[in-house]
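Fold and geometry: a report
Here are the chains, one letter per residue:
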Amino acid sequence: MSFPLRIERRLRQPWWLSAAVPAGSLVVAFCVIALVLLATHHPVGHTFTRLLDSAFGSRRSLESTFVSGTPLAFTGLCAAVAFRMNLFNIGGEGQLYAGAVTGAGAALVLGGVPGPVSIAAMILAGAAGGALFALIPGLLRAFFSTNEIIVSLMLNYVAALVLDYLIFDSLSYWRDTSTPDARVFPQGKMLPAAATWPGLHVGLVVPLGFLVAIAIATIVHVLYARTRFGFEVRVIGDSPRAAAYAGMRTRRKILAVMALSGAIAGVGGASQDGDFRHVLDPKGLTQAGYGYTGIVIAALARYNPVAVCAIAFLLGGLQNAGYTLQGADFPSGLVGVMQGLILFCVLGAELLVRYRVRVDRPSHRPGPAAPVEADAS
Amino acid sequence: MPAVSLRGITKRFPGVVANDGVDFEAAEGEVHALLGENGAGKSTLSSILTGLYRPDEGEIRLYDRPVEFHAPRDALDAGICMVHQHFRLVPTFTVAENVLLGDHRAEGRRFLVNPRRIESRVAELGRRYDVAVDPRARVWQLSIGEQQRVEILKALYREARILILDEPTAVLTPQEADSLFATLRTIAAEGRTVVFISHKLHEVQAVADRVTVLRGGRTVGTLSTAETSPRSLAALMVGHEVEAARRSERANEVGLPALELDDVWAKGDRGGDAVRGVTLQVGSGEIVAIAGVAGNGQRELAETVTGMRPPARGTLRVAGRALRGGDPRAAIRAGVGHVPEDRLHTGVAPSLSVASNVVLKAYRDTHVRRGPLLRLGAIRERAEGLIHRYDVKTAGPNVPARQLSGGNLQKVVLGREFLGEPLVLVAASPTRGLDVAATDAVHRYLREGAAEGMGILLIGEDLDEILALADRIVVIYEGRLVGELDASTATREEVGLLMAGGT
């Protein structure tokens with residue numbers, strides 16, 4: 001007895017599907033959420049209004065949404081850049097930490113230099129830190145064919161532990177040891193004032209990091225769409241055999257793309273230091289899970305770098321709304337359920353873009369085999 | 001009443017018609033061979049019979065009842081079992097556990113299994129059919145021949161009425177093969193049906209009662225083995241009913257050697273020497289065909305010449321200059337063009353546009369780029385030029401390559417290689433799966449290439465094509481060149497027999 005529904009790959013994907021399916025999936029998600037809210041005796045309409053308001057409704061909520069969305073744009077780009085070549089760098093999380101460490105280090109070393117110098121140095125140092133950290137799985141993949149998914153994933157834990165070690169378990173350069181209080185309650189050194197990234201004031205404050213992410217997205221877009229390098233990346237991603245046939249050097253591309261991917265996450269780490277935290281903050285960085293959300297964003301954006309920035313902003317809004325919604329009358333677990341349902345529906349519906357579901361008509365089925373007279377001979 | 005009857009089975013894959021109205025019938029109690037070259041449609045047909053693929057058209061009847069398989073399990077329920085060339089066994093399980101694994105009828109569905117009972121049943125079956133294997137042995141400890149016995153035991157345990165074996169002797173020693181043949185005869189003598197897939201003529205003669213020959217996705221005929229000879233089977237397998245136009249004389253002056261191979265050896269994918277000491281010259285303006293049944297080293301030879309496989313020994317020269325082996329880019333620079341066998345995944349990047357695929361190799365050239373930036377306009381122009389020149393039917397240069405039909409895709413590949421102005425062109429089965437019009441077009445372009453002074457190394461099994469195009473025919477068998485024939489005097493039978501390992 002086989003299931004009468006079958007899932008088949010679409011031979012052609014109508015253009016409107018890629019817009020209609022995400023929109024439809026959001027509708028489904030909100031319907032399911034409405035059911036959950038009804039079942040838990042929360043006002044449906046009111047909750048939805050608050051959700052939208054606290055994400056995008058006012059200047060303050062938009063600013064908070066940028067704060068949540070900025071790191072996600074970086075980790076989303078990090079994933080998208082690598083995934084385009086079928087190189088699954090899951091290590092955006094760890095590479096962001098690495099960039100936060102080197103970025104903060106650069107700011108502390110340079111101290112009182114003028115702001116632009118300090119900011120440029122932080123970006124470069126963050127990129128270098130992330131790139132070097134990403135080259136570990138990159139080199140292992142290119143020269144020993146290890147699985148980059150596992151290596152980069154495991155290195156996330158390594159990076160988190162190193163981060164903790166630098167502030168909590170050692171008297172490292174990053175740790176504030178100036179006062180007796182700071183020795184008892186470990187925390188990072190405050191970065192100098194020159195290392196504070198200025199926001200762009202356009203009625204509301206847009207963090208510099210988000211603008212940097214948009215700039216990187218644009219560069220990546222041109223790089224992948226218009227250059228030799230991008231052409232090779234696309235061919236390797238689509239068919240490694242065709243790439244080898246055309247004489248492309250796959251190994252070098254793996255290293256370059258891993259380094260680029262890690263560098264982007266690293267700049268995201270530096271942006272955390274400069275834009276928001278102004279201190280190397282292990283607890284804050286490791287709690288958020290930026291790297292993993294970035295993978296979801298890359299998938300939702302279908303690895304399109306410009307779309308990554310837009311979706312990072314939207315998901316940032318969703319996260320930010322979650323913080324606002326939860327309270328005495330609205331449990332944080334329910335917020336998680338709502339966010340989860342939205343992601344579940346949107347990601348699940350992706351299947352419908354590439355596959356179609358068909359219902360089988362009942363038809364002739366073979367009866368069970370009659371036993372063969374085995375002793376006939 | 002035939003046990004299995006397939007009528008008008010058609011199965012299309014993007015760009016290829018794998019089965020084109022195939023008819024096949026096997027009776028109860030017979031060993032029926034399915035003979036054909038690689039690519040003739042045998043594997044597709046067996047996948048249809050085992051429920052892995054659904055035919056686009058046609059009817060399957062078992063014991064005169066029409067059936068439709070929705071999944072492999074339906075075929076299993078109907079009593080069809082297949083022994084694949086690559087075994088489907090769990091190496092860490094015992095023989096008895098593997099036998100039980102695929103059985104979802106009685107014993108296999110129980111929550112608690114009684115290993116004793118299965119082991120004794122397996123041992124009994126092994127004795128009766130002379131395929132004895134220790135039921136408690138773990139599969140990874142067994143030799144390849146013994147693993148095959150486990151596959152046969154699986155089928156017998158499930159009381160298969162129709163047993164399909166896909167090139168079962170490829171992994172066996174001659175002694176093991178003889179023992180297998182005896183087992184198959186025993187199975188058939190009980191009124192079951194054995195379908196034996198092969199491209200080796202003497203085996204078909206040795207074991208089968210009847211044989212159905214497939215060629216190019218169509219049934220060529222069904223014969224009783226008693227009434228045939230290896231020679232006539234070879235002729236059927238490679239085709240003879242249409243005597244194609246052949247080159248009556250050398251079309252072009254043969255110039256200096258474009259490609260020279262001297263004692264070239266190369267390893268196969270699973271180790272072992274796939275190419276064994278090939279020495280060969282292709283003059284410019286000359287078409288040299290390497291004829292051989294697939295799997296005799298011609299693919300590896302093509303890959304060695306084009307730099308995709310490093311030679312283990314020997315030297316390659318293009319237009320007199322030594323070619324560094326194992327580097328496709330060096331081969332491209334030296335002027336080696338390549339029309340690969342797998343055009344959809346090697347010849348093109350399937351999801352990328354036709355235009356991108358037109359510059360798959362030329363993207364490094366200065367006329368399609370300015371510094372690191374690609375000149376998309378120039379690329380588009382180049383693609384439009386190729387589409388026009390080679391009459392490619394496509395909605396435009398931005399269509400993904402995978403949406404092109406096989407013939408149009410091949411024109412893109414061929415046109416791209418010609419735009420690179422190669423000195424040597426390696427063309428591997430360039431018309432496999434193409435329709436008549438596309439085949440003609442490809443042949444015409446290859447002749448034009450030779451007329452312009454290219455040295456063409458044509459690799460394939462299609463003797464019609466080889467006789468129509470080649471100046472010289474070289475036959476490869478088990479990695480060695482076993483004969484050279486002048487294409488203007490060679491007969492199809494001569495070549496076919498050499499290809500099948502006869503002398």
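What counts, and where the lines are drawn
- Residues numbered from 1 in each chain as written.
- Chains lettered and ligands numbered in written order.
- Predicted model: local features only at pLDDT ≥ 70, side-chain atom pairs only at ≥ 80, totals over all residues.
- Helix = DSSP H or I, 4+ residues; strand = E, 2+ residues; numbered from the N terminus.
- Buried ≥ 20, exposed ≤ 12 C-beta atoms within 10 Å, placed from the backbone.
- Contact = placed C-beta atoms within 7 Å.
- Rg over C-alpha atoms; globule rule 2.2 N^0.38 Å.
- Pairing = 2+ DSSP bridges.
- Axes fitted to C-alpha atoms, helices over the stretch in contact; angles between N-to-C directions.
- Core = buried A, V, L, I, M, F, W, Y, C linked by C-beta atoms within 7 Å.
- Expected span 1.5 Å × (residues − 1).
- pLDDT = per-residue confidence, 0-100.
- Parallel < 35°, antiparallel > 145°, perpendicular 65-115°, else oblique.
- Left-handed = near helix turned anticlockwise from the far one by under 90°.
- Nonpolar A, V, L, I, M, F, W, Y, C, P; charged D, E, K, R; others polar.
- Bend = angle between axes of the 7 residues up to and from the residue.

A short note on the overall build of chain A
Each helix and strand in chain A was counted, giving 15 helices and four strands. Overall, chain A is about 95 × 60 × 45 Å in size when its C-alpha atoms are taken along their principal axes. Out of the 377 residues in chain A, the part that is buried amounts to 42%. When contacts within chain A are restricted to residue pairs at least 6 apart in sequence, long-range pairs at least 24 apart make up 76% of them.

A closer look at the overall build of chain B
Scanning chain B for helices and strands turns up 17 helices and 22 strands. Taking 23 Å as the expected radius of gyration for a compact globule of 503 residues, we find that chain B reaches 25 Å, a close match to that expectation. Across the 503 residues in chain B, those meeting the buried criterion constitute 52%. For chain B, long-range pairs separated by at least 24 residues make up 69% of all intrachain contacts whose partners lie at least 6 apart in sequence.

Section: the environment of Leu214 of chain B
All names here are of chain B. With respect to the secondary-structure elements, Leu214 resides in strand β9 (residues 210-215). Residue Leu214 is classed as buried on the basis of its C-beta count, with 26 C-beta atoms lying within 10 Å. For the pair formed by Leu214 and Leu34, sequence separation is 180 residues and the distance between their alpha carbons is 7.3 Å. Excluding residues that lie within four positions of it along the chain, Leu214 makes contacts with Val22, Leu34, Gly36, Ala40, Gly41, Lys42, Thr219 and Val220.

Considering the sheet that holds strand β21 (residues 472-477) of chain B
All names here are of chain B. Pairing is mixed across the open sheet formed by six strands, whose spatial order is β16-β19-β20-β13-β21-β22. Strands with a single pairing partner mark the edges of an open sheet, and in this sheet they are β16 (336-339) and β22 (480-486). Neighbour-to-neighbour, the strand axes of this sheet turn through a mean angle of 20°, independent of strand direction. Pairing geometry for β16 and strand β19 (residues 424-428), over four bridges, is parallel.

A look at the nonpolar core
One broad rule of soluble globular proteins: the nonpolar side chains tend to lie buried together. In this structure, Leu77 and Val308 of chain A together with Phe196, Ala289, Leu457, Leu458 and Ile473 of chain B are the most contacted members of the largest nonpolar core, which totals 254 residues. Element by element, the count of residues in this core is highest for helix α3 (residues 59-83) of chain A, at twelve residues.

Digging into the sheet that holds strand β7 (residues 162-166) of chain B
Residues and elements named next belong to chain B. With respect to topology, six strands assemble into an open sheet ordered β6-β7-β8-β3-β9-β10, the strand pairing being mixed. Only two strands of the sheet have a single neighbouring strand rather than two, namely β6 (80-83) and β10 (218-224). Taken pair by pair, the neighbouring strands of this sheet meet at an average axis angle of 20°, ignoring direction. Both strand β3 (residues 31-35) and β9 contribute to a ladder of four bridges, which runs parallel. What sits directly across from Ala33, in β9, is Val211. Docked against the sheet, helix α1 (residues 42-49) engages β3, β6, β7, β8 (193-198) and β9, running at close to 150° with respect to β7. Against the sheet, helix α5 (residues 144-157) contacts β6 and β7, and its axis sits at roughly 180° relative to β6.

Focus: the pairing of strand β4 (residues 355-359) of chain A
Residue and element names in this part refer to chain A. Here β4 lies mainly on the outside; zero of its five residues are buried. Note: strand β1 (residues 5-9) against β4, five bridges, orientation antiparallel. Note on β4: the bridge partner recorded for Arg9 is Tyr355.

Things to note about helix α4 (residues 115-129) of chain B
All names here are of chain B. Compared with the 21 Å implied by 1.5 Å per residue over 15 residues, the 21 Å span of α4 between its first and last C-alpha is a close match. Those residues of α4 that are buried are in contact with α3 (95-101) and α5. Directly after α4, the chain includes Asp130, whose backbone phi takes a positive value near 60°.

Let's talk about the confidence of the model for chain A
Confidence in the prediction for chain A averages 87 pLDDT; 93% of positions are at 70 or higher. Of the regions scoring below 50 in pLDDT, residues 363-377 of chain A engages in 28 contacts with residues more than four places distant in sequence or in other chains.

Let's talk about the environment of Tyr290 of chain A
Residue and element names in this part refer to chain A. Checked against the element boundaries, Tyr290 lands in helix α13 (residues 290-300). With 28 C-beta atoms counted inside 10 Å, the residue Tyr290 sits in the buried group. In sequence terms Tyr290 and Arg9 are 281 residues apart; their C-alpha atoms lie 32 Å from each other. Residue contacts for Tyr290: discarding those within four places in its chain leaves Pro71, Leu72, Thr75, Glu93 and Leu96.

What about the packing of α3 of chain A against α13 of chain A?
Residue and element names in this part refer to chain A. At their nearest, the axes of α3 and α13 sit 7 Å apart, and the two run at 60° to each other. Classified by the angle their axes make, α3 and α13 are oblique. The hand of the α3/α13 crossing is right-handed. Touching Pro71, Leu72, Thr75, Gly76, Cys78, Ala79, Ala80 and Phe83 of α3 are Tyr290, Gly291, Thr293, Gly294, Ile295, Ile297 and Ala298, all from α13. Residues of the contact of α3 with α13, tallied by class, amount to ten nonpolar, five polar and no charged.

So, the pairing of strand β13 (residues 287-291) of chain B
Residue and element names in this part refer to chain B. Where burial is concerned, most of β13 is hidden: five out of the five residues are buried. Residues Ile287, Ala289 and Ala291 point to one face of β13 and Val288 and Ile290 to the other, with burial holding for every one of them. With five bridges joining them, β13 and strand β20 (residues 455-460) adopt parallel strand pairing. What sits directly across from Ala291, in β20, is Gly460. Sheet analysis places β13 next to β21, joined by four bridges and oriented parallel. Its bridge partner lying in β21, Val288 is registered against Arg472.

Section: the confidence of the model for chain B
Per-chain confidence: chain B averages 86 in pLDDT, with 94% of residues scoring 70 or above. With a pTM of 0.74, the predicted complex shows an ipTM of 0.79.

Description of unusual backbone geometry
One non-glycine residue, Tyr303 of chain A, lies in the positive phi region at around 65°. Phi angles above zero are rare outside glycine, and Asp64 of chain B is one such case at about 70°. When you line up the elements, Asp64 of chain B lands in the loop between β4 (57-62) and β5 (65-67).

Overview of helix α11 (residues 250-277) of chain A
Because the α-helix completes a turn every 3.6 residues, residues three or four places apart line up on one side. Residue and element names in this part refer to chain A. Look at α11: 39 Å from first C-alpha to last across 28 residues, which is about the 40 Å you get at 1.5 Å a residue. In α11, a bend of some 30° at Ser271 exceeds every other bend along the element. The element α11 is largely enclosed, with a buried count of 21 among its 28 residues. One or two residues past the end of α11 sits His278, with phi positive at roughly 60°.

Some details on the packing of helix α8 (residues 230-238) of chain B against helix α17 (residues 492-499) of chain B
All names here are of chain B. α17 packs onto α8 with a crossing angle of 100° between their chain directions and a minimal axis gap of 9 Å. What the angle tells us is that α8 and α17 run roughly perpendicular. In contact with Arg231, Ala234, Ala235 and Val238 of α8, α17 contributes Arg492, Glu493, Gly496 and Leu497.

Brief notes about the environment of Leu314 of chain A
In this structure, Leu314 of chain A sits in helix α14 (residues 305-325). Taking the C-alpha atoms as reference points, Leu314 of chain A and Leu341 of chain A, 27 residues apart in sequence, are found 15 Å from one another.

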